[in-house]
Amino acid sequence: MNNSTLLRVDKRDARLVMAHMYVAFAALAIGGLMGLLQVFVRSGRFELPANIGYYQVLTVHGVMLGLVFTTFFILGFQAAAVSRTSGTFTAKQRLTSWIGFWIMLLGTVMSATMILLNEATVLYTFYAPLQAHWIFYLGLTFIVVGSWFVIFAHMAKYAQWRKENKGESSPLLTYMVVANSLMWFVATLGVAAEVLLQLLPWSLGFIERVDVAITRTLFWYFGHALVYFWLLPAYMAWYVVIPKVIGGKIFSDSLARLSFILFLLFSIPVGIHHQLTEPGITEFWKFVQVVLTFMVIIPSLMTAFSMFATFELRGRELGGKGLFGWFHKLPWGDARFTVPFIGMAAFIPAGAGGIINASHQMNQVIHNTIWVTGHFHLTVATTVLLTFFGIAYWLIPHLTGRVLTPQMNKLAIIQAFTWAFGMTIMSGAMHWAGLLGAPRRSSYSTYGDAAQAMEWIPYQIAQAVGGTILFLGIIFVLIIFVNLCWFAPKGDEEFPIGEVDKDAEQTPKILENWKVWITVLVALILVAYAVPIMDIINGGPLGSKGFKLW
Amino acid sequence: MHLHRYEKWWITFGIGSLVLFLIIVGIGAFHQGHQPPSSVKTINYEQVDKVTPFNEPGLTKVSGKDWDYELVVVASAFMYMPAEVEIPVGSTVKIIATTKDVVHGYGVTGTNINMMLEPGYISEYVTTMDKIGEYLVVCNEYCGTGHHTMKMMYKVVDVNE
């Protein structure tokens, strides 16, 4: 690691990061409560009080957790990561970040207000031709544009570091932030085009019709990269932070960078695997994107190897013997390790489920069933979320000048096991019900007492049980958050940054040559999307007027 | 770039598995014809009721085609036309469906029939109904307040009885 690296994040940068964290955890509280209401309603044993609709609650849940919690947490974490490994932001970089933060917050308030007024019950995927209030779309635009300000500030810091340290390999964590930010920027161009060129002018009445297939294709061009935008910060913590927490070394700097480059390249030209059962896209282009989707599994396999290599090397260093003896030597009492580890373990079934979902015609078995909901509650709501919690347990006290006490550490581990238990029940029931055909995103219904629909109900009750346990987990994590913000004892909590194994070789220069990777990325996007989008434009039907069916 | 020997094995095994999966999926799709519904036919969604075959939703026997029946379905918030259909067991059916308003789903519980209906597009799928029974069709794409009430019923029956 470079000598200029600061051990402590500067106070002014810490305030910036904490602003993101307050919004993120407020969104977690609201979104979590909405999740609880949903599983209750869907059990058939509970009805929402007057005038609150199931789909309105579902929209709040998706927007708060899928868009607001994740984006604010990730951009806050990435700001801390850059500040810690590449140095304190300049006044200009920090100001740019703050501007971005306020634009995102304004956008969040605008969109949330419209959802609460029941003017935007379109779920967090806002598929046309359901038409929300224009302020909802403008708010989403602000969230995206604000995030661009934030990532530009981070990338400016990286550029500055490169200039000041010519010829050196950049700090690994900053490098990863840059890769994720680039991916986010290229992906959000799709959703920006969807909202700015189509949905916003359409909701304002400037244009009468939109092409539904184009809006969906642009959404999913962004939508799959979105899930990797959630996952990569978790990978950052796994590659760089966890080795330090357990007292080991980073297995390989170059392989870590290579896996991030592969994510950058293969997260975007794969969105059509979310549209496999749709008309308007031919079988051939669907299959092309299925193949590209499978490519993005490779860096995850590499990551799994690196993680377990680090764990085994450290476990053996601590005296672990035999094939699995090293496993017991790992620091299971340390929440900073155990909480993300449970997340990692969840990624094994989660990833396997993802391969099924992306498998072309096999997708018909589970498409839009609650299996899919079960799938992403393992990926984003367990793997990513528990890793984020694991990050928060050292990052927040580091920033607030406090420490994680043994009691809070214990509660954090209890929280993670509670989460794993609740999620096993809820996600498991969702997967099974999905295989029996139960639809996702649907309120309680017996479909006229249809025999097949009656089979789903016990699973829905199980989901309510699991969901209730998960809500208990949300309460635990909020207790820890509040403690770490305002009540924990003052002290110095480490921001752990791993060092590279001394046997690891020099990082190849090509990995830092962004021109090459951006060129490859653009080429892949053109290969995957040029023809399908031209087909839709050329062969597309009459566009759609807006509908408000809620 | 140096790779540890075990990592080479692991990556080879991993990529090998992925290639194998893709070959299986690809043979199923391009050799055996198990493709996801991917019709590119279009329609004016505002004129659905006036256009053949959607002006007469329901099951029709056809001859000289690779399938025995055509099932024409019109979806709109929050119903399918027809609401119920009787299909002789063992017959091959081509489902031809579209929507008059927003995006709807078309998932036939207990079968692999699962497709999106989007305004302006016609969705098609050919399948054989080889088991007697009642099959619930649900809308599995959110379409508004009544989304969870939107259903249709297939009754696959033995006509000889």
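Residues numbered from 1 in each chain as written. Chains lettered and ligands numbered in written order. Predicted model: local features only at pLDDT ≥ 70, side-chain atom pairs only at ≥ 80, totals over all residues. Heavy atoms only, no water.

Under an unreviewed UniProt entry, the name given to chain B is Cytochrome aa3 subunit 2, and the organism recorded is Domibacillus mangrovi. Taken verbatim from the UniProt record of chain B, the Subcellular location (unreviewed entry) comment is "Cell envelope". The UniProt entry for chain B carries the following text under Catalytic activity (unreviewed entry): "4 Fe(II)-[cytochrome c] + O2 + 8 H(+)(in) = 4 Fe(III)-[cytochrome c] + 2 H2O + 4 H(+)(out)". (UniProt positions renumbered as here; feature names shortened; annotations may be inferred.)

By the naming in an unreviewed UniProt entry, chain A goes by Cytochrome C and is assigned to Domibacillus mangrovi.

Caption draft 1: Inspection of the overall build of chain A at higher detail. Check the secondary structure of chain A and you find 17 helices and 0 strands. Its C-alpha atoms give chain A a radius of gyration of 23 Å, within 12% of the compact-globule value 24 Å for 550 residues. For chain A, the spread of C-alpha atoms along the principal axes amounts to about 65 × 50 × 45 Å. Split into buried and exposed, the 550 residues of chain A put 66% on the buried side. Of all intrachain contacts in chain A linking residues separated by at least 6 positions in sequence, the fraction that spans at least 24 positions is 84%. (Helix = DSSP H or I, 4+ residues; strand = E, 2+ residues; numbered from the N terminus. Rg over C-alpha atoms; globule rule 2.2 N^0.38 Å. Buried < 20%, exposed > 50% of the residue type's maximum accessible area, 1.4 Å probe, protein only. Contact = heavy atoms within 4.5 Å.)

Caption draft 2: Main features of the overall build of chain B. Helices and strands together make up the secondary structure of chain B, namely 1 helix and 10 strands. Counting helices and strands in the order they occur from the N terminus, chain B gives α-β-β-β-β-β-β-β-β-β-β. The C-alpha atoms of chain B give 20 Å as radius of gyration, which overshoots the globular expectation for 161 residues (15 Å, by more than 25%). Within chain B, the fraction of its 161 residues that count as buried is 53%. Surface exposure of chain B reaches about 7,500 Å², of which carbon and sulfur atoms provide 55%. Taken as two groups, the 11 positive and 17 negative side-chain charges of chain B have centres that lie 7 Å from each other. (Areas by Shrake-Rupley, 256 points an atom, 1.4 Å probe, with all protein chains shown as cover. Lys, Arg positive; Asp, Glu negative; His and termini not counted. Charge placed at Lys NZ, Arg CZ, Asp CG, Glu CD.)

Caption draft 3: Up close: the UniProt feature "domain: Cytochrome oxidase subunit I profile" (unreviewed entry) in chain A. According to UniProt, the positions carrying the feature "domain: Cytochrome oxidase subunit I profile" (unreviewed entry) are residues 15-482 of chain A. The span residues 15-482 of chain A carries 76% helix and 0% strand; its end-to-end C-alpha distance comes to 16 Å.

Caption draft 4: Region of the structure containing the packing of aromatic side chains. Overall, the coordinates contain 53 aromatic pairs over all chains when judged by the stated rule. Taking the centre distance of 4.6 Å and the plane angle of 15° together, the rings of Phe73 of chain A and Phe388 of chain A count as stacked. Here Phe73 of chain A is found in helix α2 (residues 54-86), whereas its partner Phe388 of chain A is found in helix α13 (residues 370-400), with 315 residues between them in sequence. Residues Phe73 of chain A and Phe388 of chain A agree in their burial class; the two are buried. Note on Phe101 of chain A and Trp102 of chain A: the rings are 5.2 Å apart at their centroids and 75° apart in plane angle, and the pair reads as edge-to-face. We classify Trp102 of chain A as exposed; its relative accessible area is 51%. The structure contains a cluster of three or more aromatic residues connected by ring pairs, namely Phe126, Tyr127, Phe136, Tyr137, Trp184, Phe219, Trp220, Phe222 and Phe229 of chain A. In this structure, Arg257 of chain A packs its charged tip against the face of Tyr175 of chain A, placed 4.6 Å from the ring centre. The side chain of Lys61 of chain B reaches across the aromatic face of Tyr69 of chain B, ending 4.9 Å from its centre. (Phe/Tyr/Trp six-rings, centres within 6.5 Å; stacked < 30°, edge-to-face > 60°. Lys NZ or Arg CZ within 6 Å of the ring centre and 35° of its normal.)

Caption draft 5: Focus on the pattern of salt bridges. Residue and element names in this part refer to chain A. Counted under the stated rule, the structure contains 25 salt bridges over all chains. With a shortest N-O distance of 4.0 Å, Lys244 and Glu494 are connected by a salt bridge. Of this pair, Lys244 sits in helix α6 (residues 212-245) while Glu494 sits in the loop between α16 (457-487) and α17 (514-539), and the two are 250 residues apart along the sequence. The partly exposed category is assigned to Lys244, whose relative accessible area is 33%. With its nearest N and O atoms 2.6 Å apart, the salt bridge here joins Arg314 to Glu317. Linking Arg314 with Glu317, this pair stays in helix α9 (residues 297-317), spanning 3 residues, or about one helical turn. Judged by its relative accessible area of 18%, Arg314 is buried. (Salt bridge = Lys/Arg side-chain N within 4 Å of Asp/Glu carboxyl O.)

Caption draft 6: Spotlight on α17 of chain A. All names here are of chain A. Here α17 contains 26 residues, and its C-alpha end-to-end distance of 36 Å stays within 8% of the 38 Å for a straight helix at 1.5 Å per residue. Its maximal kink placed at Tyr529, α17 deviates by approximately 40°, while the proline Pro532 follows within four residues. Within α17, the full set of buried residues consists of Trp514, Trp517, Leu521, Leu524, Ile525, Ala528, Tyr529, Pro532 and Ile536. The inward-facing, buried residues of α17 abut α4 (134-164), α5 (172-203), α6, α7 (253-266) and α8 (283-295). (Expected span 1.5 Å × (residues − 1). Bend = angle between axes of the 7 residues up to and from the residue.)

Caption draft 7: Inspection of the packing of α2 of chain A against α5 of chain A at higher detail. Residue and element names in this part refer to chain A. Remark: α2 packs on α5, axes separated minimally by 8 Å, with the N-to-C direction vectors making an angle of 145°. Viewed along their axes, α2 and α5 form a crossing whose handedness is left-handed. On the side of α2, the interface is formed by Ile74, Gln78, Ala81, Val82, Thr85 and Ser86, while α5 contributes Leu173, Thr174, Val177, Asn180 and Ser181. Partitioned by chemical class, the residues of the contact of α2 with α5 number 5 nonpolar, 6 polar and no charged. (Axes fitted to C-alpha atoms, helices over the stretch in contact; angles between N-to-C directions. Left-handed = near helix turned anticlockwise from the far one by under 90°. Nonpolar A, V, L, I, M, F, W, Y, C, P; charged D, E, K, R; others polar.)

Caption draft 8: Region of the structure containing the confidence of the model for chain A. A residue-level look at chain A finds 99% of positions with pLDDT of 70 or above and a mean pLDDT of 95. Low pLDDT, under 50, characterises residues 1-5 of chain A; the stretch is placed with 8 contacts to residues that sit more than four places away or in other chains. (pLDDT = per-residue confidence, 0-100.)

Caption draft 9: Region of the structure containing the sheet that holds strand β4 (residues 84-88) of chain B. All names here are of chain B. Taking strand neighbours across the sheet as the criterion, the 5 strands line up as β4-β10-β9-β6-β7 in an open arrangement whose pairing is mixed. The open sheet has two free edges, formed respectively by β4 and β7 (114-117), since each of these has just one partner strand. Across the sheet, the mean angle separating the axes of adjacent strands is 20° when strand polarity is ignored. (Pairing = 2+ DSSP bridges.)

Caption draft 10: Region of the structure containing the environment of Gly26 of chain B. Residue position: Gly26 of chain B is located in helix α1 (residues 5-31). Dropping the residues within four chain positions of it, Gly26 of chain B is found in contact with Phe287 of chain A together with His31 of chain B.

Caption draft 11: Examining the side chain of Thr125 of chain A more closely. Along the chain, the position of Thr125 of chain A falls in the loop between α3 (91-116) and α4. By relative accessible area, which is 3% here, Thr125 of chain A ends up buried.

Caption draft 12: Geometry of the packing of α8 of chain A against α9 of chain A. All names here are of chain A. Two elements in contact, α8 and α9, have axes whose closest approach is 4 Å; the angle formed by their N-to-C orientations is 15°. Considering their axes alone, α8 and α9 lie roughly parallel with respect to each other. Along the contact surface, α8 presents Thr293, Phe294 and Met295, while α9 presents Ile297, Ile298 and Pro299. Looking at the contact of α8 with α9 residue by residue, the class counts come to 5 nonpolar, 1 polar and no charged. (Parallel < 35°, antiparallel > 145°, perpendicular 65-115°, else oblique.)

Caption draft 13: Fine view of the domain arrangement of chain B. Domain annotation for chain B reports domain 1 (1-35) and domain 2 (45-157). Distance between the C-alpha centres of domain 1 of chain B and domain 2 of chain B: 36 Å. (Domains from an automatic or database assignment.)

Caption draft 14: Representation of the UniProt feature "transmembrane region" (unreviewed entry) in chain B within the structure. The feature "transmembrane region" (unreviewed entry), as given by UniProt, occupies residues 9-30 of chain B in the numbering adopted here. Helix makes up 100% of residues 9-30 of chain B and strand 0%, and the two end C-alpha atoms of the span are 31 Å apart.

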